[in-house]
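Reading the structure
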Amino acid sequence: MATSTQIHTRVLKCDPSSITFPISSDGADPPPKIDDPETLESLTVAARHITNGEPIAFPTETVYGLGALALKTEAAARIFSTKGRPADNPLIVHVSSLSMLRQLLPVDYIIPPMYEILMRRFWPGPLTLLFPSSPSIVPSIITAGQPTVAIRMPSHPVARALIALADAPIAAPSANSSGKPSPTRAEHVARDLGGKLEVILDGGRCEVGLESTVVDGLRDDGNLRVLRPGGVTVEDMQNVLDEEIESKETRPAVLVHRRDFQDAAMEKAPTTPGMKYRHYSPSVPVTLLHTSSSTSPPPAHASVVSATEFFASLGSSAPVPHPIITKIGLLVPSDSQLLRFAQDRESIEWVLYPLGAVADPAMTAQRLFDGLLTLDEKGVDMILVEEIGEEKEGLAVMNRVRKAAGESKWIAL
Ligand code: AMP
Ligand code: MG
């Protein structure tokens, strides 16, 4: 039930390095081993809230999640009310073991060999797979009434230990108000959802920084369709398939939505994040800057302006000595060519948040949401984000940036 009264939110520390997962020889799932007493206490408190049907926030390797029992409709409903999430946007269910996965699937369902390969190579990790869903097992609030359920096994020790201690699958979207950038540090969650949650587990900065890759491998042609690019790259998946399946004829293709395939039905449904709803947007306008190193040529209607001209057009023209200061956030690679154009002017204060080097898209992925949230917090009036190449993590980065940006400009360097 939604509640408007403020809750005292406790931020509880967890040390991920103190958690290990023993492997048993008899196929059972032994409980995680937690050496640090504070971490054990934090996880025990959090698991108790989860078991009581309350949502809590916790770190995963992708972003911070807002978790609640997946198989209890009332618990899952509190995720939607806490985030203000539209009811037709389905949730990903997180498991801590393969036996927990089995409990979610129709009884006689045989997991496809392709999924067995992906799970062996990428689980636990930032890969979400669609499975057929039985409404008698997974409540329709989770699947938004679709015939499939999205499932993943997170690799973050705190996430996996929490699920194991609660001993139940946990539904968890990102722990932010719907439409905002996803949180990658506990402070981001506290700023946004503080007062609405009992507990935020603080396990430090998320390593991947962007959400999981969502893959549908259930279609008749056997190909893998990437519905949302994310932490596991298309190149990683392709390499694994090349290694594991010798014959080219039987090797499935990895197809990326909108790049390699279109799907009219899917595009109408809200099951592709950002297709229907505003997404990843800070409170100030975001402009995407395509540069001449751009992978995609400007569309016919776009006008290309020189970098000098573009930067000169920013800020106010109020006369010195009383210029109106515009604070402009720059979210660009640390070795960006654009930086030399962002020169000192009386009417502009630049606030730089460097993403990784151009050659390091994994670092850019890790820093993107933190950059949007940090610049927003610093009170900038607008944020300029520079395009990066769509190789490896760059594909997921640009997927999020396009959805965050209200407008695009093409700049000639
Ligand atoms: P998040 O917003 O990170 O929690 O991820 C949830 C997203 O996963 C949804 O917006 C969908 O894009 C995708 N998803 C979850 N369940 C399904 C499903 N049954 N079919 C297709 N996509 C799904
Ligand atoms: Mg989200």
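Everything that follows concerns the structure shown earlier in this document.
Heads up: these notes are all about the structure in this document.

About the cut-offs
- Residues numbered from 1 in each chain as written.
- Chains lettered and ligands numbered in written order.
- Predicted model: local features only at pLDDT ≥ 70, side-chain atom pairs only at ≥ 80, totals over all residues.
- Heavy atoms only, no water.
- Salt bridge = Lys/Arg side-chain N within 4 Å of Asp/Glu carboxyl O.
- Helix = DSSP H or I, 4+ residues; strand = E, 2+ residues; numbered from the N terminus.
- Buried < 20%, exposed > 50% of the residue type's maximum accessible area, 1.4 Å probe, protein only.
- Pairing = 2+ DSSP bridges.
- Axes fitted to C-alpha atoms, helices over the stretch in contact; angles between N-to-C directions.
- Contact = heavy atoms within 4.5 Å.
- Polar contact = N/O pair within 3.5 Å; in protein donor to acceptor, adjacent residues only side chain to side chain.
- Phe/Tyr/Trp six-rings, centres within 6.5 Å; stacked < 30°, edge-to-face > 60°.
- Lys NZ or Arg CZ within 6 Å of the ring centre and 35° of its normal.
- Arc of directions from axis to C-beta.
- Core = buried A, V, L, I, M, F, W, Y, C linked by side-chain atoms within 4.5 Å.

1. Describing the pattern of salt bridges
Summed over all chains, the structure comprises 18 salt bridges. For Arg 205, the salt bridge goes to Asp 370, with nearest N and O atoms at 3.6 Å. Of this pair, Arg 205 sits in the loop between strand S10 (199-202) and strand S11 (213-216) while Asp 370 sits in helix H11 (residues 361-377), and the two are 165 residues apart along the sequence. For Arg 205, a relative accessible area of 38% corresponds to the partly exposed category. Classification of Asp 370 as buried rests on a relative accessible area of 2%. Several salt bridges share partner residues, and in doing so they unite Arg 120, Arg 121, Glu 243 and Glu 244 into one network.

2. Some thoughts on the sheet that holds strand S14 (residues 286-290)
One open sheet holds the six strands; their spatial order is S15-S19-S14-S18-S16-S17, and the pairing between them is parallel. Two strands in the sheet have a free side with no partner beyond their single neighbour: strand S15 (304-306) and strand S17 (348-355). Neighbour to neighbour, the strand axes of the sheet diverge by 30° on average, direction disregarded. Here strand S16 (residues 326-333) pairs with S17 via eight bridges, running parallel. When the bridges of S17 are listed, Pro 333 appears paired with Leu 355. Its contacts with the sheet place H11 against S14, S16, S17 and strand S18 (382-386), and it is angled at close to 155° to S17.

3. A short note on the side chain of His 290
Along the polypeptide, His 290 turns up in strand S14. A distance of 3.1 Å separates a polar atom in the side chain of His 290 from a polar atom in the side chain of Glu 387.

4. Digging into the packing of aromatic side chains
One pass over the full model with this rule turns up five aromatic pairs. Seen from their ring centres, Tyr 115 and Phe 131 are 5.1 Å apart, and the 75° between their planes marks the pair as edge-to-face. Taken together, the residues Tyr 115 in helix H4 (residues 113-122) and Phe 131 in strand S7 (residues 127-132) connect sequence positions 16 residues apart. Pair check on accessibility: Tyr 115 and Phe 131 agree, each one buried. Through a chain of ring-to-ring contacts, the aromatic side chains of Phe 310, Phe 311, Phe 341 and Trp 350 assemble into a single cluster. The cationic tip of Arg 160 hangs over the ring face of Phe 21; the distance from NZ or CZ to the ring centre is 4.3 Å.

5. Notes on the environment of Pro 132
Within the element layout of this structure, Pro 132 appears in strand S7. Look past the residues within four positions of Pro 132 in its chain and what remains in contact with it is Leu 105, Pro 106, Tyr 109, Pro 147, Thr 148, Val 149 and Leu 218.

6. Description of the pairing of strand S5 (residues 65-69)
With five of five residues buried, S5 lies mostly within the body of the structure. Of the strand pairs in this sheet, strand S4 (residues 56-58) and S5 are connected by three bridges, and their pairing is antiparallel. Looking at the pairing, Phe 58 lines up with Gly 65 of S5. Counting the residues between successive antiparallel strands, the hairpin from S4 to S5 contains six residues.

7. Points about helix H8 (residues 234-244)
Taken as a whole, H8 has its buried residues at Val 234, Met 237, Val 240 and Leu 241. Here the buried residues of H8 occupy an arc of 130° about the axis, which is enough to place them on one side. Among the structural elements, H4, S7, S11, strand S12 (224-228), strand S13 (254-256) and helix H12 (393-404) are those in contact with the buried residues of H8.

8. A few points about the pairing of S16
Buried residues dominate S16, accounting for seven of its eight residues. Two elements, S16 and S18, share four bridges in a ladder whose sense is parallel. Counted as the bridge partner of Leu 331 is Val 385 from S18.

9. What about the nonpolar core?
One finds Phe 131, Ile 151, Leu 162 and Leu 201 to be the most contacted residues of the largest nonpolar core, which totals 84 residues. With 25 residues, the next largest nonpolar core counts Tyr 353, Phe 369, Leu 372 and Val 385 among its residues.

10. Concerning the environment of Pro 229
Structurally, Pro 229 can be placed in the loop between S12 and H8. On the basis of relative accessibility, which here comes to 7%, the residue Pro 229 falls in the buried class. In this structure, Pro 229 is in contact with Ser 212, Thr 213, Leu 395, Ala 396, Asn 399 and Arg 400, ignoring residues within four places of it in sequence.

11. A short note on unusual backbone geometry
With omega at -10°, the peptide bond leading from Trp 123 into Pro 124 counts as cis. Note that Pro 124 resides in the loop between H4 and S7. We note that Arg 258 has phi near 80°; this positive angle belongs to a residue other than glycine. Locating Arg 258 in the fold gives a position in the loop between S13 and helix H9 (264-268). Assessed through its relative accessible area of 54%, Arg 258 is described here as exposed.

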